[in-house]
Amino acid sequence: MSDKVVAKSNETVAVRHRGLLIVLLVVATAVSLTWIVTAARTVRYGFDITDEGYYLLSYRWWSGNPLALTGIQYIYGPIFELLHWDIVHLRIFRLVTLIAGHLFFGWSFMRWLRVRRPEAPKTRLWEATGIMVILAAGGMNYSWLPTSPAYNDVILLGSLTVLSCVLWVATAIERDRKPPIWAFTLAGLVMGTMVLAKWSSVVVLTVIIAAAIVVLSAQGAEAVARGIVWALAGVVVVAATVHLLVAPLTTVIPGIQAVNRFIAGNSYSPSSLLEMYWRTGSKLVGQTFEQHVLLLVAAAFAVVARRPVLRIAAWLLVAATLVLSIVRAIDQDGLGGGAVNNGKFQIVLLAAVLVAVVTTIAALITKQWSGGKENLRTWVILTVLTVFPIVQAFGTNTALYMIGFDAFAAWAALMIAVVTSIDKAPVVARTTVSLVTVAALVAVAAISYGGLILNPYRSAPHRDLTTATSLKPLGELKLTADTAKDYQALDQLLMPYTSPSGRPIIGFDKMAGIVFLLRGRPFGEAWTSPKERQRTAAGITEVCSGRQPRPGDRPPLLIFNRRVTQLDVDALRTCGLDFKADYMLIAPPATIMNLQVYVPTAELALHNP
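Residues numbered from 1 in each chain as written. Predicted model: local features only at pLDDT ≥ 70, side-chain atom pairs only at ≥ 80, totals over all residues. Heavy atoms only, no water.

Let's talk about the environment of A481
Here is the rule we go by: What counts as a helix is a DSSP run of H or I of at least four residues, what counts as a strand is a run of E of at least two, and both are numbered from the N terminus. Here, residues are in contact when the closest pair of their heavy atoms is within 4.5 Å.
By secondary structure assignment, the location of A481 is in helix α18 (residues 481-498). A481 sits 17 residues away from D464 along the chain, and the two C-alpha atoms are 8.1 Å apart. With residues near it in sequence (within four places) discarded, A481 still touches T466 and T467.

Looking at the state of the cysteines
For the record, the criterion: Pairs of cysteine sulfur atoms within 2.5 Å are identified as disulfides in what follows. Only protein chains enter the accessibility calculation, which uses a 1.4 Å probe; a residue whose area is less than 20% of its type maximum is buried, one above 50% is exposed, and one in between is partly exposed.
Evaluation of the coordinates by the stated rule reveals one disulfide. Disulfide partner of C544: C575, at an S-S distance of 1.3 Å. Taking the sign of the S-S torsion, -55 degrees for the link of C544 and C575, the bridge is left-handed. Of this pair, C544 sits in helix α20 (residues 533-544) while C575 sits in the loop between α21 (566-573) and α22 (579-582), and the two are 31 residues apart along the sequence. Per residue, the accessibility class of C544 equals that of C575, and both read buried.

Re the sheet that holds strand β4 (residues 557-560)
The condition that has to hold: Between any two strands, at least two bridges found by DSSP are needed for them to pair. Angles shown run from 0 to 180 degrees and are taken between the N-to-C directions of axes, each axis being a line fitted to C-alpha atoms and, for helices, limited to the stretch in contact.
Taken in spatial order, the four strands make up an open sheet running β3-β4-β6-β5, and their pairing is mixed. Of all the strands in the sheet, the pair left with one neighbour each is β3 (505-508) and β5 (583-585). Along the sheet, successive strands turn relative to each other by an average axial angle of 20 degrees, direction set aside. Bridge count for β4 against strand β6 (residues 596-600) is three bridges, and the pairing is antiparallel. For I559, the partnering residue across the bridge sits in β6 and is V597. Contacting β3, β4 and β6, α18 crosses the sheet at an angle of about 20 degrees to β6.

Here's the deal with unusual backbone geometry
Here S499 and P500 are connected by a cis peptide whose omega angle stands at -5 degrees. Backbone geometry at M593 places phi at a positive 60 degrees, although glycine is not the residue there. In this structure, M593 sits in the loop between β5 and β6.

Some words on the pattern of salt bridges
Convention followed: Should a side-chain nitrogen of Lys or Arg be within 4 Å of a carboxyl oxygen of Asp or Glu, the pair is scored as a salt bridge.
In this structure the tally under the stated criterion is 20 salt bridges. R116 is the salt-bridge partner of E174, the closest N and O atoms lying 3.1 Å from each other. Of this pair, E174 sits in helix α6 (residues 151-174) while R116 sits in helix α4 (residues 87-116); the two residues are 58 residues apart in sequence, bridging distant segments of the chain. The exposure classification of E174 matches that of R116, with both residues buried. Here D333 ties to K344 by a salt bridge, and the two come within 3.7 Å at their closest N and O atoms. Linking D333 in the loop between α12 (308-331) and α13 (345-365) with K344 in the loop between α12 and α13, this pair joins segments that are 11 residues apart in sequence. Since its relative accessible area comes to 31%, K344 is described here as partly exposed. Linked through salt bridges whose partners overlap, the residues forming this network are D509, R533, R562 and D568.

Here's the deal with helix α9 (residues 221-246)
Using the following cut-off: A helix's residues, less one, multiplied by 1.5 Å, set its expected span.
Here α9 is 26 residues long and its end C-alpha atoms lie 36 Å apart, about the 38 Å a rise of 1.5 Å per residue gives. Those residues of α9 not exposed but buried are A223, V224, R226, G227, A231, G234, V238 and V242.

Examining helix α7 (residues 181-197)
Counted at 1.5 Å a residue, the expected span for α7 with its 17 residues is 24 Å, and the 25 Å between its end C-alpha atoms agrees. Within the span of α7, buried status applies to A183, F184, A187, G188, V190, M191, G192, M194, L196 and A197. Of the surrounding secondary structure, the elements contacted by the buried residues of α7 are α3 (73-82), α6, α8 (202-216), α9 and α10 (249-263).

Overview of the side chain of Q346
The residue Q346 is located in helix α13 in this model. Here Q346 falls in the buried class, since its relative accessible area comes to 0%. Contacts of Q346, omitting those with residues within four sequence positions, involve L284, N341, Y401, M402 and F405.

Some details on the confidence of the model for the chain
Put simply, the rule reads: For every residue, the predictor assigns a confidence score, pLDDT, that lies between 0 and 100.
Chain-level statistics for the chain give a pLDDT mean of 94 and a share of 96% at 70 or above. Considering only residues more than four positions removed or in separate chains, one finds that residues 5-10, a stretch of pLDDT under 50, has one contact.

A short note on the pairing of β4
Neither face of β4 is open: one carries L557 and I559, the other L558 and F560, and all of them are buried. Both β3 and β4 contribute to a ladder of four bridges, which runs parallel. Bridge pairing links G507 to I559 in β4.

Here you go:
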């Protein structure tokens, strides 16, 4: 074959690759814009009085109430204060950090992958496409959770950032260069912040640190020690900054320890959590295989279909099973977001990931994984990407997959790595993984739209959120007309008792948002749950005993959405409060959202002589 023919052939291949990259880039960009623009549209809509209300109430009083399960209030609290307690701006801040975090991870990953894939197209379009695919996958952070930031965001973005630092180190080592000091220091700063936000983040950090040690060991023990020293320096800086500029650790740590002591005998034990993780995870995997097993079989067959007749059969099988999987996804509500569809949309995305895994296994068995591209360090990093979404979710008291799929970007990166490693496999195999990846991104767009517009977290659909209130804590937020009217009526009724702002209020149960919108502050822990009433009572007792600061001299207002129990009465008694003698209903519950609102008897007599 002449040089001209070879050059012409190479040029044709390059043009085809560029065309495919442009198509994928357009799809990924469209998906990214879908979730980003939709999230930006919804920052002024909806308000959840349970989980989101708890986050906001703890951030609002971050410096005055050390009783907290985690230290997340010492991260987002000062930020919320800098934003003048504006919920809309806080939601925008979350959106910006999610975009920035995913872009940094995408850039770090594609920069590393370029070194490991020397035969990749020699164009920056290759990196840009990979980065946008990873950014598009970030839309899963809006699949069902509240739009205000929480500790899950710190853990996800933090662990992605630490993993990105490892990728920078790995890239330097592959190029026989000294890893940059800033990567170690940044990793240390982020790790310190993550542990403050949620101590169970040590699980994902342990996995990433182990991978980092393997990567660094290529340059010897001295390189490992150097990395550890600089990372520890970053951790120390975080600890010192928090202690000196945010809140003394002598106040922060005892408050967190107290709450963890409360839940030790009344909440999930480690063994029960692991059992629940296994049971719910196994069920999800089983349902995924049940709905999409034919697609997985087709993906494996596509790898081994070497002969022409088998390739034709593989094309037909892949086309048929992909259509069948899409139909099943639609039929099973696998493309709808929101809490109502939890356990459904995750099946669709897990099927896409399993296609990549099955393809990888088949390619390795048949020796069609491109030889010489993967060393031990690479396999370690790919393994971390595989388990990353699951381990970063450890510590949640819900099914791991409910939080794990927020980190779908790691699996998107894994799928990119697979697509770029099977150039020895038949075209049908590469096409299968590519099409499934694209389909997964389209699913992310649909899921995030559903989670934000159709089924927002514990809120009415976006179309029904039409009315703003005059309540200062809620700012510009729009609610349903009835909800806005009810909240304003409650505020007016209690105005004589909640002015000035900062009146202690206890909302039994899961009504931290009501306390927040009434300009109140927690009395005990900000979180109250019907499943953890012993924990609520312990928090009240902790304050009344003097072991934690008491929020002012006024006794707390009491708001119940359930009957009053002896446990509540006994907890109040530790404060010297006799519930029957010292409190009275302010109005019939039927007139105020079916809530029993109790105010101190002496104050009620003063304002209603």
